[in-house]
Amino acid sequence: MVRPWAGPAGGRGRSWAGQAAGPFVGGAGGPEVARRTDASRTHGADPVTWGPRGGGLVSVPSNPHPLPSRRPGRWWPACCCAPGSGALQLARGPCVGPLARARGPASTCSAASCPPCTTRTACPGCLFLNLKTPLRDTSVHRSLSWMMASSGPWFDMYLCARDSIVLNFNPFMAFNPDPKSEYNDQLTRATNMTVSAIRFLKTLRAGLLEPEVFHLNPAKSDTDTFKRLIRFVPSSLSWYGAYLVNAYPLDMSQYFRLFNSTRLPKPIQDELFTNEKARHLLVLRKGHFYVFDVLDQDGNIVGASEIQAHLKYILSDSSPAPEFPLAYLTTENRDVWAELRRKLASGGNEEALRKVDSAVFCLCLDDFPIKDLIHLSHNMLHGDGTNRWFDKSFNLIIAKDGTAAINFEHAWGDGVAVLRFLNEVFKDSTQAPAVTPQSQPARTDSSVAVQKLNFKLNDALKTGISTAKEKFDATVKTLTVDLIQFQRGGKEFLKKQKLSPDSVAQLAFQMAFLRQYGQTVATYESCSTAAFKHGRTETIRPASIFTKRCSQAFVREPSKYSAGELQQMMTKCSTYHGQLTKEAAMGQGFDRHLFALRYLAAAKGIALPELYLDPAYGQINHNILSTSTLNSPAVNIGGFAPVVPDGFGIGYQVPCIPWFD
């Protein structure tokens, strides 16, 4: 079936056979490429979207938020759902996001549901980093039907997909090492990152997390002075105050699914499960499952030395890896996994599964060091299948040498929320670590506090695990990963030439593919639409008549044109790419529009319009080049799989590197 969306997107630096190195003029960092060589994959996923902090929005119009037509007046730090307009603005009335939600009962949804929001009193003790502004207005409520109307089809698209979520959906982002090398000890870093993650959770739920804001004029708006002044502006006027200095809040409605959440396999359509009452952490090591509380009964963070003691206890467990590692089941086809999970639950494992599903998040402790960036990419993207629970909202993976990464499930949200979480955890764990390499674990009985989950497996389940392993091993063998780091030029140099760094990177991919394969092909670049309430993504289509002409000139006929003419071609590519980016960021792209029309046709039982059956439509949605960019001082590398069997997944960044002749 033709689908107007592409696949997961990720981070930084690689190429195929070095082909991007030549035409990657002035673009440092280079692309990371993952390639699938199998013929089995037919389904694509929506891309990760890297928000403004990560560089996903190359250019945004001067007014991404028209003044709200509903009750005017908030700066919206209190509301994770910033005012929107256009097609995404489907309802009127006040709203508030999960930041101000009270802990209700466990919630399960098969679409875009969310527990109702209620007022919460902020606790000064859970401030995270420098986040010190309490929410202004947490008394308004969000309608469940509103969110389902605006986001339901997008959730359905993910949750109805029956392919394995490994490679097809889940991307990864790897942290940079801790600047202090001694803090990269596995136990030390696992403790610090766990504590920092729980600090983030506490701040998020207390409504004290600093809002995600796009600053068009950061010299005026992204300052301590402005933040102090805006606190004294009445909530009915504060949004306008931000608008006057070109600061626009972005949607944060996905954030509550970061924690205590799991994608549950169900026949036909999966469900998203969240239980914010759960206080325990799930830890995987050598295929074994462990849980222990990281929050006490009052919701306070358990002492760092206790967490350290429990993790040390788990690391000291000498039990051999299980003969039938249960985690393989999360790599299966979703219908197959749904049936196996039903058997697993009915076989006396329901309570153990409940603890897995409701855990704050999953911490994966690997027993080997990382050899290089290629090994890192394979390990964090898919691993060996035994030590990840791919259904969790995210897995925090820490190798023996302290190399850390996040692998996240994609149905609940996009990379904007994950990148923000990653940035804050890295900053907090490196600048305000909870423990030091010299810290001694607490004297506590971890054998009592830590529970090892044991699963009862019958012959049918053992056979299912063995089959899942065979499929998984065969699938990951089809993936090739390579990288290139191009050290000349960079963002500042390109800007001085009045060229968009992102457009030059995309042009390099077109040139490289033309040089290698003699043609240009459909290309996908993800763009965040977080400027809209409940916005997800839109597609930028980097391949154009401008990039084709320019690529052919550079690759096939370089001597035919002067340097000035070639530069003029690049300028035209840059200008057009900027236009496409602005249109996508404002929801003016065509991909999501056509997706919505197709969804409505199916929902109303209307025959599929001929457009969707046209070979040209199928060709433009066979995205051989699926790309995405991010930029963050916390990120070392990121990755994702291609979205078609003969495709490439290209993650890249264009950092600020001095130009040397």
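Position numbers for residues start from 1 in each chain and track the written sequence from start to end. Where local features are concerned, this predicted model is filtered to residues with pLDDT of at least 70; where side-chain atom pairs are given and counted, the filter is 80 or more; whole-chain, interface and lining totals use all residues. To obtain the side-chain values, all non-hydrogen atoms of the structure were used and water was disregarded.

J.: How would you summarise the overall build of the chain if you had to cite specific residues and measurements?
T.: From N to C terminus, the chain includes 17 helices and 19 strands. Each residue gets one of three labels from its accessible area relative to the maximum for its type: buried under 20%, exposed over 50%, partly exposed in between, using a 1.4 Å probe on protein chains only. Buried residues in the chain amount to 60% of all 661 residues. Taking all contacts inside the chain whose residues are at least 6 apart in sequence as the whole, residues at least 24 apart take part in 80%. Accessibility throughout is a Shrake-Rupley quantity obtained with a 1.4 Å probe, and a residue counts as covered only by protein chains that appear here. In the structure as shown, the chain presents an accessible area of about 24,800 Å², 55% of it carried by carbon and sulfur atoms. Every helix listed is a DSSP run of H or I at least four residues long, and every strand listed is a run of E at least two residues long, numbered separately from the N terminus. Here, residues are in contact when the closest pair of their heavy atoms is within 4.5 Å.

J.: Before we move on, could you go through the pattern of salt bridges and cite the residues and values that matter?
T.: The term salt bridge refers to a pairing of a side-chain nitrogen on Lys or Arg with a carboxyl oxygen on Asp or Glu at a separation within 4 Å. The full count for this structure, using the stated rule, is 25 salt bridges. In this structure, arginine 334 engages aspartate 270 in a salt bridge whose closest nitrogen and oxygen atoms are separated by 2.7 Å. Of this pair, arginine 334 sits in helix α7 (residues 334-358) while aspartate 270 is found in the loop between β6 (261-264) and β7 (271-274), placing the two residues 64 residues apart along the sequence. Each member of the pair arginine 334 and aspartate 270 is classed as buried. Each of Arg162, Arg263, Asp270, Arg334, Asp335, Asp391 and Glu409 takes part in a single network of salt bridges with overlapping partners.

J.: Please set out the sheet that holds strand β18 (residues 635-639) residue by residue, giving values where relevant.
T.: Here, a strand pair is defined by DSSP locating no fewer than two bridges between the strands. Spatially, the 8 strands line up as an open sheet ordered β13-β9-β8-β10-β11-β12-β3-β18, and their pairing is mixed. Of all the strands in the sheet, the pair left with one neighbour each is β13 (451-453) and β18. Sheet twist, expressed as the mean angle between neighbouring strand axes with direction ignored, is 25°. As paired strands, strand β3 (residues 172-175) and strand β12 (residues 404-408) are joined by 3 bridges and run antiparallel to one another. Looking at the pairing, methionine 173 lines up with isoleucine 406 of β12. A fitted line through C-alpha atoms serves as each axis, taken over the contacting stretch for helices, and the angle formed by two N-to-C directions is quoted from 0 to 180°. Here helix α8 (residues 373-381) sits on the sheet and contacts β3, β11 (394-398), β12 and β18; the angle it forms with β18, its principal contact strand, is near 60°.

J.: Give a detailed account of the nonpolar core, specifying residues and quantitative values.
T.: Nonpolar core, defined: a set of buried Ala, Val, Leu, Ile, Met, Phe, Trp, Tyr and Cys residues in which side-chain atoms within 4.5 Å join the residues together. Membership of the largest hydrophobic core comes to 104 residues, with the highest contact counts inside it found for Phe259 and Phe361. Top element by residues in this core is helix α2 (residues 186-205). It accounts for 9 residues. Residues in contact with phenylalanine 259, not counting those within four places in the same chain, are Ala197, Phe200, Leu201, Leu204, Arg205, Thr274, Val360, Phe361, Ser393, Phe394 and Phe421. The next biggest cluster of nonpolar side chains, apart from the first, holds 24 residues, and it includes Leu625, Val643, Phe648 and Tyr652.

J.: Tell me about empty space enclosed by the protein, and name the residues and values.
T.: The method works on a 1 Å grid over the protein atoms by themselves. A cavity is a set of points holding a 1.4 Å probe that cannot get out, a pocket is an open set with protein on both sides within 12 Å along at least five of seven lines, and residues with an atom within 4 Å of a point line them. Grid points are joined across faces, edges and corners, and a volume is the space filled by probe spheres set on the points. Under the criterion given, the structure shown has 10 cavities of 30 Å³ or more. The space that makes up the largest cavity amounts to roughly 80 Å³. What lines the largest cavity is a set of 12 residues, and nearest its centre among them are Asp251, Gln254, Val416, Ala530 and Gly535. Of the residues assigned to the lining of the largest cavity, the class counts are 5 nonpolar, 4 polar and 3 charged. Three categories are distinguished: nonpolar for Ala, Val, Leu, Ile, Met, Phe, Trp, Tyr, Cys and Pro, charged for Asp, Glu, Lys and Arg, and polar for the others, with Gly belonging to the last.

J.: Tell me about the confidence of the model for the chain, and name the residues and values.
T.: The pLDDT value expresses, per residue, how confident the predictor is, ranging between 0 and 100. Confidence in the prediction for the chain averages 80 pLDDT; 77% of positions are at 70 or higher. Scored below 50 in pLDDT, residues 1-28 makes 162 contacts in the model with residues more than four places away or belonging to other chains. Low pLDDT, under 50, characterises residues 38-107; the predicted model gives this stretch 277 contacts beyond four residues in sequence or across chains.

J.: Report on helix α13 (residues 501-517), specifying residues and quantitative values.
T.: Count 3.6 residues to each turn of an α-helix, and residues three or four apart come out pointing the same way. Helix span is expected to be 1.5 Å times the residue number reduced by one. Look at α13: 24 Å from first C-alpha to last across 17 residues, which is about the 24 Å you get at 1.5 Å a residue. For α13, the tally of buried residues reaches 14 of 17 residues, placing the bulk of the element in the interior. Positive backbone phi, approximately 75°, marks glycine 518, located one or two places after α13.

J.: Give a detailed account of helix α15 (residues 563-585), specifying residues and quantitative values.
T.: With 23 residues, α15 extends 33 Å between its outermost C-alpha atoms, agreeing within 8% with the 33 Å of an ideal straight helix rising 1.5 Å per residue. Among all positions in α15, only Leu566, Met569, Met570, Cys573, Ser574, His577, Gly578, Leu580, Thr581, Ala584 and Ala585 are buried. Positioned one or two residues after α15, glycine 587 has a phi angle of 75°, which is positive.

J.: Before we move on, can you summarise the environment of valine 555 with the specific residues and values?
T.: Within the secondary structure layout, valine 555 lies in helix α14 (residues 545-555). Taking the C-alpha atoms as reference points, valine 555 and alanine 512, 43 residues apart in sequence, are found 8.6 Å from one another. With sequence-adjacent residues up to four places away left out, valine 555 is seen in contact with Met511, Leu514 and Arg515.

J.: I'd like to hear about the side chain of histidine 280, residue by residue, with values.
T.: By the secondary structure assignment, histidine 280 is in strand β8 (residues 280-285). Classification of histidine 280 as buried rests on a relative accessible area of 9%. We call two N or O atoms a polar contact when they sit within 3.5 Å, provided that within protein one can donate a hydrogen and the other can accept it, with sequence-adjacent residues counted only if both atoms are side-chain atoms. In terms of polar contacts, histidine 280 uses its side chain to reach the backbone carbonyl oxygen of lysine 355, at 2.7 Å.

J.: Pulling in residues and values, what's your account of the pairing of β18?
T.: Of all 5 residues that make up β18, 5 are buried, and the element is covered over most of its length. Here 4 bridges tie β3 to β18, and the two strands are oriented antiparallel to one another. Following the sheet pairing, phenylalanine 175 is matched in β18 by valine 635.

J.: Residues and numbers for the state of the cysteines, please.
T.: In this description, a disulfide is simply a cysteine sulfur pair whose atoms lie within 2.5 Å. Applying the stated criterion across every chain, the model contains 0 disulfides. There is no disulfide at cysteine 362, and the cysteine sulfur nearest it, in cysteine 364, is 3.8 Å away. With a relative accessible area of 0%, cysteine 362 lands in the buried category. Accessibility expressed as a relative area gives 0% for cysteine 364, which makes it buried.

J.: Provide a residue-level description of the packing of aromatic side chains, including the pertinent values.
T.: Ring pairs are drawn from Phe, Tyr and Trp, using the six-membered ring of Trp, whenever the two centres fall within 6.5 Å, and their geometry is named by plane angle: stacked under 30 degrees, edge-to-face over 60, tilted for the rest. Using the criterion set out here, one finds 21 aromatic pairs in the structure. Between tryptophan 154 and phenylalanine 595 the ring centres are 4.9 Å apart and the planes differ by 90°, which places this aromatic pair in the edge-to-face class. Residue tryptophan 154 is found in helix α1 (residues 144-159), and its partner phenylalanine 595 is found in helix α16 (residues 591-603); the two are separated by 441 residues along the sequence. A residue is classified by how much of its surface remains accessible, and tryptophan 154, at 7% relative accessible area, is buried. Judged by centre distance (6.1 Å) and plane angle (50°), the ring pair of phenylalanine 200 and phenylalanine 259 falls under tilted. Taken as a pair, phenylalanine 200 in helix α2 and phenylalanine 259 in the loop between β5 (247-249) and β6 lie far apart in primary sequence, 59 residues in all. Here the two residues phenylalanine 200 and phenylalanine 259 agree in accessibility, since each one is buried. Throughout this description, the term charge over a ring refers to an Arg CZ or Lys NZ atom that lies within 6 Å of the ring centre and within 35 degrees of the ring normal. The aromatic ring of phenylalanine 169 is capped on one face by arginine 263, whose charged end is 5.9 Å from the ring centroid.

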